[in-house]
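So you can see what is in the structure, the chains are spelled out below.
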Amino acid sequence: MVFGSSVTPVEVGRGYGVTQDVSVGGSRVLTASPIGVGNDIQLRIFIDSDNRADCVGQVVREKSVEERGIWKFEIGISFQEHLPEPIISYMRNIANGKPL
């Protein structure tokens, strides 16, 4: 699953990214700037034109991925609160092109 997102690190300010591999407990996000392991983060995942998921979490890993164009960093986020399974199912259906 790949979705656009806004990434708001507490110390850095708002940025944008691409959210991948969303689960109830966390996500992988590609960003243009490093954020730093251990930093708290607010993540808004744009699911479709009418729906979004807002998450608060912490960066648990980060690595440089220069080969990905403008998205130069891959971060792993652990959510403070799990995303509800119905949201994950909805996102999976959109990603797989299934009718809603």
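As the structure is a computational prediction, the values presented were derived from the model and not from experiment.

What follows covers the confidence of the model for the chain. Averaged over the chain, the pLDDT score is 84; the fraction of residues at 70 or greater is 89%. Mean pLDDT across the elements of the chain bottoms out in strand 1 (residues 2-9) (70) and peaks in strand 6 (residues 73-79) (94).

Attention now moves to the pattern of salt bridges. Note that side chains of opposite charge can pair when their charged atoms are close. By the definition in use, this model includes 7 salt bridges. A salt bridge links Glu-74 to Arg-28, with the nearest nitrogen and oxygen atoms 3.2 Å apart. Taken together, the positions of Glu-74 in strand 6 and Arg-28 in strand 3 (residues 26-31) put the pair 46 residues apart, joining distant regions of the chain. Residue class for Glu-74 comes out buried when judged on its relative accessible area of 6%.

Across 4 bridges, the pairing between strand 2 (residues 15-20) and strand 3 is antiparallel. Its bridge partner lying in strand 3, Thr-19 is registered against Val-29. Counted between consecutive antiparallel strands, the loop separating strand 2 from strand 3 contains 5 residues, among which Asp-21 sits at a positive phi close to 50°.

What counts and what doesn't
Residues numbered from 1 in each chain as written. Predicted model: local features only at pLDDT ≥ 70, side-chain atom pairs only at ≥ 80, totals over all residues. Heavy atoms only, no water. pLDDT = per-residue confidence, 0-100. Helix = DSSP H or I, 4+ residues; strand = E, 2+ residues; numbered from the N terminus. Salt bridge = Lys/Arg side-chain N within 4 Å of Asp/Glu carboxyl O. Buried < 20%, exposed > 50% of the residue type's maximum accessible area, 1.4 Å probe, protein only. Pairing = 2+ DSSP bridges.

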